[in-house]
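# Structure assessment
Residues per chain are reported as follows:
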Amino acid sequence: FGWADGALKKGWKADKAVSGLVARPPFRDLVGLLFSPHKSRPTFWNFGPTSKSKTLKFALACLLSEGAGGGGDGNGPAEAVLCDALVKTIKEGGVSTQPGPASILLDDAAACLSTLAGFSDGVKAHLKGPETPLRFQEMATLAISLPNSLARKNLSSGLASLLVGDGQVHEKARLALELAKGKLDFAKIFHASNAHGAALLSGCVLKVLLDGASFEDPALLELVRVVLGLLGQGVLHSDQYVSVACAVGLETALSAPP
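Cut-off values and rules
Residues numbered from 1 in each chain as written. Predicted model: local features only at pLDDT ≥ 70, side-chain atom pairs only at ≥ 80, totals over all residues. Heavy atoms only, no water. Helix = DSSP H or I, 4+ residues; strand = E, 2+ residues; numbered from the N terminus. Buried < 20%, exposed > 50% of the residue type's maximum accessible area, 1.4 Å probe, protein only. Expected span 1.5 Å × (residues − 1). Arc of directions from axis to C-beta. Contact = heavy atoms within 4.5 Å. Polar contact = N/O pair within 3.5 Å; in protein donor to acceptor, adjacent residues only side chain to side chain.

Along the chain, Gly234 falls in helix α11 (residues 218–235). For Gly234, a relative accessible area of 0% corresponds to the buried category. Placed 15 residues apart in sequence, Gly234 and Gly249 show a C-alpha to C-alpha distance of 9.9 Å.

Listed below in structure tokens is the structure:
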């Protein structure tokens, strides 16, 4: 993807007054060049897994270096394009992935989406809007079922960012916790990877609930009690992979607000 960086720099002059900094192309130009269909040159979707990983991280770095967020400076449409690319990459990696470049790409895409969701109000609105590429329930399901533990962790964090300040936080939190509860029922047959994802997701969602405004819905309070209890039981699970995830989930849920 070096050809893309070179093509952009031909028409863009870096600020020479800022020494010691690596020059980056404008985020909007980069997204337009890499993600827009073109007949005579490859785009992001023609790249291999390693090049895709580098492209996504570089695009996010360009956006963060501009201090955008919220799309107020005209980056909104480009942020939505990057968001859609990340979601599509995560969905494509949602099937079983063998260790290697494709697995690393899934982890990187989930990390980038989590960062983008926490950074940009415009992306939050895009993910909650009618044209969202990823519904909340689908995102919660992927946070539990993705094949990579790091991808599950990052997607859970991104989902929590979307819940903060959401007018439907209680309804969405209930949905996510119900999904997680089913995977944390250790009395039934369960998959360790799903229990791992459910524990991390529960911790992130519970933290948003417990840090936010008080709520008096008896059903939601009972659900919170049950999930906290399941996480506590999970800490003593014989599978260390599950027990550590439950301990992390509890620690996240009960940690003091920043």
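Let us keep going from here.
A separate point is helix α9 (residues 169–183). A turn of α-helix holds 3.6 residues, and therefore any two residues three or four places apart point the same way. Between its first and last C-alpha atoms α9 spans 21 Å; for 15 residues at 1.5 Å apiece the expected length is 21 Å, and the two agree. Residues of α9 that are buried include every one of Val169, Lys172, Ala173, Ala176, Leu177 and Ala180, and no others. Viewed along the axis of α9, the buried residues span an arc of 130°, placing them on a single side of the element. If you follow the buried residues of α9, they end up packed against α6 (121–128), α7 (136–145), α8 (149–163), α10 (192–211) and α11.

Okay, the side chain of Ser202 next. On the secondary structure map, Ser202 appears in helix α10. According to the relative accessible area criterion, Ser202 is buried, its value standing at 0%. Looking at Ser202, its side chain comes within polar contact range of the main-chain oxygen of Ala198, at 2.7 Å. Look past the residues within four positions of Ser202 in its chain and what remains in contact with it is Leu177, Ala180, Leu184, Val227 and Leu231.

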